[in-house]
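Below, each chain spelled out in residue letters.
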2 protein chains.
Amino acid sequence: MADVPPGSANQEGLSELAALAAMPYKARSVRPIWLQIYDRLADVIRREVVAPGAKLPGEVYLADLFGVSRITMRRALALHQNEGLLQARKGVGIFVRSRPRRFLIRNDMQFAESLAVDGGDITSRTLWLGRQRPSPEAAELFGIAPDDEVICLHRLRQLDGAPIYVSRKEFPAARFPEFEARYRQSGSVKDVFQSAGIDSFYRSETRVLGGLASRSEAEVLEISPKTPVQYVTAINCDASGAAIEFNRGCWPMASVELVFAVPH
Amino acid sequence: MADVPPGSANQEGLSELAALAAMPYKARSVRPIWLQIYDRLADVIRREVVAPGAKLPGEVYLADLFGVSRITMRRALALHQNEGLLQARKGVGIFVRSRPRRFLIRNDMQFAESLAVDGGDITSRTLWLGRQRPSPEAAELFGIAPDDEVICLHRLRQLDGAPIYVSRKEFPAARFPEFEARYRQSGSVKDVFQSAGIDSFYRSETRVLGGLASRSEAEVLEISPKTPVQYVTAINCDASGAAIEFNRGCWPMASVELVFAVPH
DNA sequence: CAGTGGTCTAGACCACATG
DNA sequence: ATGTGGTCTAGACCACTGG
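Residues numbered from 1 in each chain as written. Chains lettered and ligands numbered in written order. Predicted model: local features only at pLDDT ≥ 70, side-chain atom pairs only at ≥ 80, totals over all residues. Heavy atoms only, no water.

1. Topic: the protein's contact with DNA strand C
Basically, it comes down to this: For this purpose, a residue is taken to be near a molecule or strand whenever a single non-hydrogen atom of the residue falls within 4 Å of it. In the analysis that follows, any N or O atom pair within 3.5 Å is treated as a polar contact, provided that within protein one partner can donate a hydrogen and the other can accept it, and provided that, for residues neighboring in sequence, both atoms belong to side chains. What counts as a helix is a DSSP run of H or I of at least four residues, what counts as a strand is a run of E of at least two, and both are numbered from the N terminus. Residue type decides the class: Asp, Glu, Lys and Arg count as charged, Ala, Val, Leu, Ile, Met, Phe, Trp, Tyr, Cys and Pro as nonpolar, and the leftover types, Gly among them, as polar.
In the vicinity of DNA strand C, 26 residues are found, and the nearest of them are A:Arg70, B:Ile33, B:Ser69, B:Thr72 and B:Arg75. Taken together, the sugar and phosphate atoms account for 66% of what DNA strand C places within 4 Å of the protein. Between DNA strand C and the protein, one listed contact pairs a phosphate oxygen with a side-chain N or O atom of B:Arg75 at 2.6 Å. Secondary structure elements with two or more residues in the surface near DNA strand C: helix H4 (70–82), strand E1 (86–89) and strand E2 (93–96) of chain A together with helix H2 (33–46) and helix H4 (70–82) of chain B. Counting residues per element, the surface near DNA strand C draws most heavily on H4(B), which supplies four residues. For the surface near DNA strand C, the residue count by class is 10 nonpolar, seven polar and nine charged.

2. Brief notes about the domain arrangement of chain A
Size of an interface, as often reported, equals the accessible area lost when the parts are brought together. All names here are of chain A. To keep things clear, this is the line we draw: Residue ranges for the domains trace back to a domain assignment, done automatically or taken from a database. Every residue pair with non-hydrogen atoms within 4.5 Å of one another is taken to be in contact. Two parts placed together each lose some accessible area; with a 1.4 Å probe, that loss summed over both constitutes the buried area.
Taken domain by domain, chain A consists of domain 1 (11–96) and domain 2 (103–259). If you average the C-alpha positions of domain 1 and of domain 2, the two centres end up 36 Å apart. With five residues of domain 1 in contact, the opposing surface of domain 2 contributes six residues. Buried area between domain 1 and domain 2, summed over both chains or domains, comes out near 410 Å², and the portion from carbon and sulfur atoms is 40%.

3. Focus: the packing of helix H3 (residues 59–66) of chain A against H4(A)
Residue and element names in this part refer to chain A. Which entries qualify depends on this criterion: Lines fitted to C-alpha atoms define the axes, with helix axes restricted to the stretch in contact, and inter-axis angles between N-to-C directions lie between 0 and 180 degrees. Each angle receives one of four descriptions, namely roughly parallel if under 35 degrees, roughly antiparallel if over 145, roughly perpendicular if within 65 to 115, and oblique otherwise.
Here H3 crosses H4 at 105°, and the two axes come no closer than 9 Å. Viewed along their axes, H3 and H4 adopt a mutual orientation that is roughly perpendicular. When H3 is examined against H4, the residues Glu-59, Val-60, Leu-62, Ala-63 and Phe-66 are found in contact with a partner set consisting of Arg-70, Met-73, Arg-74 and Leu-77. Classifying every residue of the contact of H3 with H4 by side-chain character gives six nonpolar, no polar and three charged.

4. Describing the protein's contact with DNA strand D
In the vicinity of DNA strand D there are 26 residues, among which A:Ile33, A:Trp34, A:Thr72, A:Arg75 and B:Arg70 approach most closely. Counting only atoms of DNA strand D within 4 Å of the protein, the sugar-phosphate share comes to 67%. Backbone polar atom of A:Trp34 to a phosphate oxygen of DNA strand D: 3.4 Å apart, as the coordinates give it. Interatomic distance of 3.4 Å between a side-chain N/O atom of A:Arg70 and a base nitrogen of DNA strand D. It is H4(A) that contributes the most residues to the surface near DNA strand D, four residues altogether.

5. Looking at H4(A)
Since there are 3.6 residues in each turn of an α-helix, residues three or four apart along the chain are aligned in direction. Residue and element names in this part refer to chain A. To be explicit about the condition: Here, expected helix span is obtained from the residue count minus one, scaled by 1.5 Å. Only protein chains enter the accessibility calculation, which uses a 1.4 Å probe; a residue is then buried when its area is under 20% of its type maximum, exposed when over 50%, and partly exposed in between.
Helix length check: H4, at 13 residues, gives a terminal C-alpha distance of 18 Å against a target of 18 Å (1.5 Å per residue), a fit within 8%. All buried positions along H4 are accounted for by Met-73, Ala-76, Leu-77, Leu-79, His-80, Gln-81 and Asn-82. Backbone geometry just downstream of H4 places Gly-84 in the positive-phi region, at approximately 90°.

6. Overview of the pattern of salt bridges
The following threshold applies: One side-chain nitrogen of Lys or Arg within 4 Å of one carboxyl oxygen of Asp or Glu is enough to make a salt bridge.
If you walk through the whole model with that rule in mind, you get 26 salt bridges over all chains. One salt bridge connects A:Asp43 with A:Arg47, and the closest N-O pair in it is separated by 3.2 Å. Given a relative accessible area of 22%, A:Asp43 falls into the partly exposed group. What makes A:Arg47 partly exposed here is its relative accessible area of 39%. For B:Arg70, the salt bridge identified is with B:Glu59, shortest N-O distance 2.9 Å. Here B:Glu59 lies in helix H3 (residues 59–66) and B:Arg70 lies in helix H4, a separation of 11 residues in the sequence.

7. Concerning the interface of chain A and chain B
Convention followed: Any two strands are treated as partners once DSSP identifies two or more bridges connecting them.
With 30 residues of chain A at the interface, the matching set in chain B holds 30 residues. The largest contributions to the chain A side of the interface with chain B come from A:Leu212, A:Lys226 and A:Phe260, which together make up 19% of the buried area. Between chain A and chain B we count two salt bridges in total. The partner of A:Glu257 in a salt bridge is B:Arg207, with the nearest N and O atoms 3.1 Å apart. Counting every contact that joins chain A to chain B gives seven residue pairs in polar contact (both at pLDDT 80 or more). Those elements that provide at least two residues to the side of chain A that touches chain B are helix H2 (33–46), H4, strand E7 (201–212), strand E8 (228–238) and strand E10 (256–261) of chain A. Here the side of chain A that touches chain B takes 11 residues from E7(A), the largest share from any one element. Its residues assigned to classes, the side of chain A that touches chain B shows 16 nonpolar, seven polar and seven charged. Here E7(A) pairs with strand E10 (residues 256–261) of chain B via five bridges, running antiparallel.

Put into structure tokens, the structure is as follows:
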């Protein structure tokens, strides 16, 4: 048996974890061991036996505790990372995700409103702002040439400092000649729109596409590469119906639910 | 080296596969071997070096071919199963998915219309039809008691015989006393609606939620358990705005794209 | 430096589908 | 009976993080 108590996750939680690990397994043919371990971990996390944000004992310790090889243990842990309940940091440890809540994104609301959830401090970080060639979709949408320019804005949304959503926005440069200056003043796209004489706009289309996170996406979102994510593409139009924004965002699959309601 | 040519995937394809496998790997620190193998497999599938629907050589043969352990090989294969390009059948082999196309689900169209894609034969199979206690969501939606009854319909949609979508629909029993009889006649929910005096209806809300396939879902969809899927929940209302259908469907993540457009 | 998670191996047994 | 994919092990080395 393991005799080295690991760093974190208080004593009480540790002993309860040990008790759960000591339970006999059902037959492998009924349910694979790694899935049974997965189930017990899910229970432990759901009941907050180990607190959100806390560090789990190391893999070797856990493997010993559950009486399986490290590979089998890793498999159970990996699935929970896929589902967003756990997050491993190389060289550091495996942590319980602090706030595994889901966000509701409604098509009849601005994104910012959608994000205003129960408690929690939503912040926005500008990763990059500049001019680029348009993506093919944006070029067609704005009716501009492929070698024309768009204003491109990369942003990261955070909840209490933890990243939850990364987006890449494109705007037609011709329409917003002073975009950079205005944005730097207020940090708000809505304000830039207003200063360009656009008082009202609406989301004309929203697309949802599932995928697995690329390396760069995983990095900024602090998840493992190849974790399932939702790509949400949104098009905003001014009152006349002309497209003014093309937005492609990436959410960890586990942390967002999308709602599309028709006003009636 | 392996010297047993496996069952399927024609000779030409096999030799090209072998050539690709023989290429030297980049340093493991740059990109893990299993991801490099994953990349090469993706290339092979995309270029249809092995035809859609064809069987891949066995895992042990492939592992030998790529010069890695079976576990490493399996890791590359597993990721492709997650993304829907490959599908393993226990005791049989690993197959290239025949039609990895995506379906567009629009909120301004009936599901049946959405499915009418380029070529391909869409069929529907009724898995189960009967009466049950309502799900909590349906009970609230229809304004009925938790111990009341709903008509419940499980259906599977297939494209050229291959399953692509499974759904569970609930209807208020009080409103459709002859549901079963009518549905058995036509096999169409729309017809049942009409025979109950409902000529027009609309989708009032659509929800999208990511998840990993349960064992039963994976079984009917012929995918591996824990493959990423999209759960799409739809509510249909009659012209007066009363809910008449609660529908929860499950798609393999890789085979669906959702579009929500506002009519303007 | 020690401890962590990430990768990889060689070998084994099982359940399943097919002939 | 054979071959397939699914599970599991014991051990090893690496890269990264932190004190």
